[in-house]
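Chain residues, written in single-letter form:
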Amino acid sequence: MTHVEFHFNAPDKIAYACRLLRKASRQGGRVVVVANAELLQALDAALWSFSATDFVAHTLATHDASVLAASPVLLLESALEAPHQQVLLQLGDTVPAGFERFERLIEVVTLDEDDRVLARQRWKHYAGRGYAVQRKDLELKEPA
């Protein structure tokens, strides 16, 4: 069964996603990121520029299956297109179709009230289907 985590209180969804992807990449993880096209474009740009010393190998959706299979980080509008199912990083507003194929699902939630309301709906969706949902409060980890 998919392990579901909500990372609450991210000050910036893109910056937090970059840090998560860098960590996963360093550990040899394979991650699929799902969101709308606009957010994926912003994440793609941020991954190229967020660090002068680190590069996170990634690709946007492509029709070339060999590129998708070789890339450790995939930026896709639908998880159903993913050739690997290790970690799903969900940056969108709705429950991603096919999430149950993944070992782990991470939902990133910002301080924005609209984002929090949508996250609560997704939490109820997962919990209502028997998934044990874990909460990680990022605000508690930030220095005062």
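I will try to describe carefully the structure that is included in this document. Position labels on residues start from 1 in each chain and follow its written sequence. With the structure being a predicted model, the display of local features is reserved for residues of pLDDT at least 70 and the display and counting of side-chain atom pairs for 80 or more, all residues being used for whole-chain, interface and lining totals. Side-chain numbers come from the whole structure's heavy atoms, not from hydrogens or water.

Re the side chain of Thr2
Note the cut-off: Helix and strand labels come from DSSP, where a helix needs a run of H or I of at least four residues and a strand needs a run of E of at least two; each type is numbered from the N terminus. Exposed residues in this analysis have more than 50% of their type's maximum accessible area, buried residues have under 20%, and partly exposed residues fall in between, with area computed by a 1.4 Å probe over protein chains only. Two N or O atoms form a polar contact when they lie within 3.5 Å of each other; inside protein one atom must be a possible hydrogen donor and the other a possible acceptor, and for residues adjacent in sequence the pair counts only when both atoms belong to side chains. Contacts are assigned to residue pairs that have any heavy atoms within 4.5 Å of one another.
With respect to the element layout, Thr2 can be found in the segment before strand S1 (3-10). The class of Thr2 is buried, set by a relative accessible area of 4%. Here the side chain of Thr2 touches Glu100 through a polar contact of 3.2 Å, landing on its backbone oxygen. A distance of 2.7 Å separates the side chain of Thr2 from the backbone oxygen of Phe102, its partner in a polar contact. Apart from residues no more than four positions distant in its own chain, Thr2 is found in contact with Phe99, Glu100, Arg101, Phe102, Glu103, Arg104, Leu105 and Tyr131.

A few points about the nonpolar core
Counted only if it meets this: Side-chain atoms within 4.5 Å link the members of a nonpolar core, which is a set of buried Ala, Val, Leu, Ile, Met, Phe, Trp, Tyr and Cys residues.
Judged by nonpolar contacts, the single largest core of 24 residues is most densely connected at Leu21, Val33, Leu43, Leu89, Leu91 and Val108. Of all the secondary structure elements, the ones that give two or more residues to this core are helix H1 (13-26), strand S2 (31-34), helix H2 (37-49), strand S4 (73-76), strand S5 (87-90) and strand S6 (104-110). By residue number, the principal contributor to this core is H1, which donates 7 residues. If we skip the residues at most four places from it in the chain, Leu21 touches Val31, Val33, Leu43, Leu47, Val56, Val73 and Leu89. Of all hydrophobic cores here, the second largest spans 18 residues; its members include Phe6, Val32, Leu68 and Ala119.

Brief notes about the sheet that holds S6
The condition that has to hold: Note: two strands are recorded as paired if DSSP finds a minimum of 2 bridges between them. Where helices are involved, their axes are fitted lines through C-alpha atoms of the stretch in contact, as for all axes, and angles between N-to-C directions lie from 0 to 180°.
Strands sit in the order S3-S4-S2-S5-S6-S1-S7 across an open sheet of 7 strands; the sheet is parallel. One side of each edge strand has no neighbouring strand; the edge strands of this open sheet are strand S3 (59-60) and strand S7 (133-137). Packed onto the sheet, H2 meets S2, S3 and S4 and runs at close to 150° relative to S4. Docked against the sheet, helix H4 (residues 113-128) engages S1, S5, S6 and S7, running at close to 155° with respect to S6.

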